[in-house]
Amino acid sequence: MFVSYEEGIFFVAEYIRTRYATAGGAYYRGGTLKAMGSLWASDPQWTQKVCSVAATLRRRAQ
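Calculation rules
- Residues numbered from 1 in each chain as written.
- Predicted model: local features only at pLDDT ≥ 70, side-chain atom pairs only at ≥ 80, totals over all residues.
- Heavy atoms only, no water.
- Helix = DSSP H or I, 4+ residues; strand = E, 2+ residues; numbered from the N terminus.
- Buried < 20%, exposed > 50% of the residue type's maximum accessible area, 1.4 Å probe, protein only.
- Contact = heavy atoms within 4.5 Å.
- Areas by Shrake-Rupley, 256 points an atom, 1.4 Å probe, with all protein chains shown as cover.
- Lys, Arg positive; Asp, Glu negative; His and termini not counted.
- Charge placed at Lys NZ, Arg CZ, Asp CG, Glu CD.
- Phe/Tyr/Trp six-rings, centres within 6.5 Å; stacked < 30°, edge-to-face > 60°.
- Patch = residues over 30% accessible without salt bridge, like charges linked within 9 Å, V, L, I, M, F, W, Y side chains within 5 Å.
- Salt bridge = Lys/Arg side-chain N within 4 Å of Asp/Glu carboxyl O.
- Axes fitted to C-alpha atoms, helices over the stretch in contact; angles between N-to-C directions.
- Parallel < 35°, antiparallel > 145°, perpendicular 65-115°, else oblique.
- Left-handed = near helix turned anticlockwise from the far one by under 90°.
- Nonpolar A, V, L, I, M, F, W, Y, C, P; charged D, E, K, R; others polar.

Draft legend 1. View of the overall build of the protein. If you tally the helices and strands in the protein, you get 3 helices and 0 strands. For the protein, the α and β elements follow one another from N to C terminus as α-α-α. Counting only C-alpha atoms, the protein reaches 30 × 25 × 20 Å along its principal axes. With 62 residues in all, the protein has 13% of them scored as buried. Within the protein, residue pairs in contact and separated by at least 24 positions form 0% of the contacts whose partners lie at least 6 positions apart. In the form shown here, the protein has an accessible surface area of approximately 5,200 Å², with 60% of it arising from carbon and sulfur atoms. For the protein, the separation between the mean place of its 8 positive charges and that of its 4 negative charges on side chains is 11 Å.

Draft legend 2. Region of the structure containing the packing of aromatic side chains. Counted according to the given criterion, the structure contains 3 aromatic pairs. Taken together, a centroid distance of 5.3 Å and an interplanar angle of 45° make the contact between phenylalanine 2 and phenylalanine 11 tilted. Accessibility expressed as a relative area gives 45% for phenylalanine 11, which makes it partly exposed. Arranged with centres 5.1 Å apart and planes meeting at 75°, the rings of tryptophan 40 and tryptophan 46 form a pair that is edge-to-face.

Draft legend 3. Here's a closer look at a nonpolar patch on the surface. Taken together, Met1, Phe2, Phe11, Val12, Tyr15, Tyr27, Leu39 and Trp40 make up a surface patch of nonpolar side chains, about 840 Å² in accessible area. Of all the elements in the fold, those that place two or more residues in the nonpolar patch are helix H1 (5-19) and helix H2 (33-40). Residue position: phenylalanine 2 is located in the segment before H1. Its relative accessible area of 32% is what places phenylalanine 2 among the partly exposed residues.

Draft legend 4. Focus on the packing of H2 against helix H3 (residues 46-61). As a packed pair, H2 and H3 sit with axes 9 Å apart at the nearest point and diverge in direction by 125°. Comparing their axes, H3 and H2 come out oblique. Crossing hand, H2 versus H3: right-handed. Residues Leu33, Lys34, Gly37 and Trp40 of H2 touch H3, and the partners they reach there are Trp46, Thr47, Val50 and Cys51. Residue classes in the contact of H2 with H3 are distributed as 5 nonpolar, 2 polar and 1 charged.

If you want it as structure tokens, here you go:
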């Protein structure tokens with residue numbers, strides 16, 4: 001579907017920004033990761049797990 005990983009990442013990032021993190025977006029519930037997860041994540045630790053993955057990715061990118 002995407003010609004590169006980078007293209008896929010930017011596509012998903014834009015999708016999340018416009019639909020979950022921007023007031024007026026279809027799934028906007030406050031613009032936080034916790035608000036986003038409240039819509040469909042059944043795991044109460046989802047927010048913490050996503051933050052952990054993001055922190056790992058950030059460390060590896062440095």
